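Structural characterization, general
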Amino acid sequence: MPLLFVGDLPIFNGGPCVATCAIKRSSKGLKMRMRTLLGLALLLMALPAVAQQKGSDTKGKFYFKKNCKSCHVDGGSAKPLTPLSKTQAQWKKLFEGGKHKGEPFTPKLGTPVQLLDIKTFLVNHASDSPQPETCGG
Ligand code: HEC
């Protein structure tokens, strides 16, 4: 029940300055203000969670083999690719551009979630990453 602490918030949040200014306002205004502050605080707490919406490295490896290596292997219809084929920036650019051979990445090459996993795997193990990986060559 966070609203129970509404009266205490100025002391925690803004220190004496905010408290003094706030006290001059009507109690209704104060309540609204605190509600906004509380909302903002909750929003800020939630933001990192959204930004951290990352794909799965292990699943990405699986889907890279399944969805991409079908063509991108020695003797395949496209040139062999491993995470080492590109730098982190190059992989990010490829996926963020959302294009493969000038066509949109989805849906033939994987669902958006699968593509996010593949991107995560490729970026995590790119040639200039801390853990480069060839994915079986
Ligand atoms: C149906 C076959 C096929 C599949 C599946 C496929 N590709 Fe490709 N890809 C190609 C072809 C053909 C080219 C263009 C010729 C080449 O680069 O070998 C290409 C080009 C590329 C390039 C550009 C190569 C370069 O060096 O710039 C990248 C990167 C790439 N694909 C990544 C992927 C990824 C990641 C996946 C899986 C999500 C994937 N491809 C799935 C056929 C495929």
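What this report covers is the structure whose coordinates are included nearby. These numbers were taken from a predicted model, which means no experiment stands behind them.

1. Quick notes on the overall build of the chain
Of the regular secondary structure elements, the chain holds six helices and two strands. In the chain, the succession of α and β elements from N to C terminus is α-α-α-α-α-β-β-α. Counting over 137 residues, the chain shows a buried share of 17%. A sequence separation of at least 24 residues applies to 67% of the contacts in the chain between residues at least 6 apart.

2. What about the packing of helix α5 (residues 88–97) against helix α6 (residues 112–124)?
α6 packs onto α5 with a crossing angle of 165° between their chain directions and a minimal axis gap of 9 Å. When the axes of α5 and α6 are compared, the pair comes out roughly antiparallel. In the packing of α5 onto α6, the handedness of the crossing is right-handed. Residues Gln-88, Trp-91, Lys-92 and Phe-95 of α5 form the contact with α6, whose participating residues are Leu-115, Lys-119, Leu-122 and Val-123. A per-class count over the contact of α5 with α6 returns five nonpolar, one polar and two charged.

3. Remarks on unusual backbone geometry
The phi dihedral of Lys-101 is positive, around 55°, even though this residue is not glycine. For Lys-101, the position within the fold is in the loop between β1 (99–100) and β2 (103–104). The exposure class of Lys-101 is exposed, given the 6 C-beta atoms found within 10 Å.

4. Let's talk about the nonpolar core
With ten residues, the main nonpolar core is built from Tyr-63, Phe-64, Cys-68, Trp-91, Leu-115, Ile-118, Phe-121, Leu-122, Val-123 and Ala-126. Among the elements of the structure, α4 (57–68) and α6 are those that each provide at least two residues to this core. Sort the elements by how many residues they give to this core and α6 lands first, with five residues. Apart from residues lying up to four places away in sequence, Cys-68 is in contact with Leu-81 and Ile-118.

5. Observations concerning the environment of Leu-115
Within the secondary structure layout, Leu-115 lies in helix α6. Judged by local crowding, Leu-115 falls into the buried class, with 22 C-beta atoms found within 10 Å. Along the backbone, Leu-115 and Asn-67 are 48 residues apart, and their C-alpha atoms lie at a distance of 9.3 Å. With residues near it in sequence (within four places) discarded, Leu-115 still touches Phe-95, Phe-105, Thr-106, Leu-109 and Gly-110.

6. Here we look at the packing of α4 against α6
Closest axis-to-axis distance for the α4/α6 pair is 7 Å, and the angle between their directions is 105°. Comparing the axis directions of α4 and α6 gives the class roughly perpendicular. Between α4 and α6, the residues in contact are Asp-57, Lys-59, Gly-60, Lys-61, Tyr-63, Phe-64, Asn-67 and Cys-68 and Gln-114, Asp-117, Ile-118, Thr-120, Phe-121, Leu-122 and Asn-124, respectively. Grouping the amino acids of the contact of α4 with α6 by side-chain chemistry returns six nonpolar, five polar and four charged.

Parameters and conventions
Residues numbered from 1 in each chain as written. Predicted model: local features only at pLDDT ≥ 70, side-chain atom pairs only at ≥ 80, totals over all residues. Helix = DSSP H or I, 4+ residues; strand = E, 2+ residues; numbered from the N terminus. Buried ≥ 20, exposed ≤ 12 C-beta atoms within 10 Å, placed from the backbone. Contact = placed C-beta atoms within 7 Å. Axes fitted to C-alpha atoms, helices over the stretch in contact; angles between N-to-C directions. Parallel < 35°, antiparallel > 145°, perpendicular 65-115°, else oblique. Left-handed = near helix turned anticlockwise from the far one by under 90°. Nonpolar A, V, L, I, M, F, W, Y, C, P; charged D, E, K, R; others polar. Core = buried A, V, L, I, M, F, W, Y, C linked by C-beta atoms within 7 Å.

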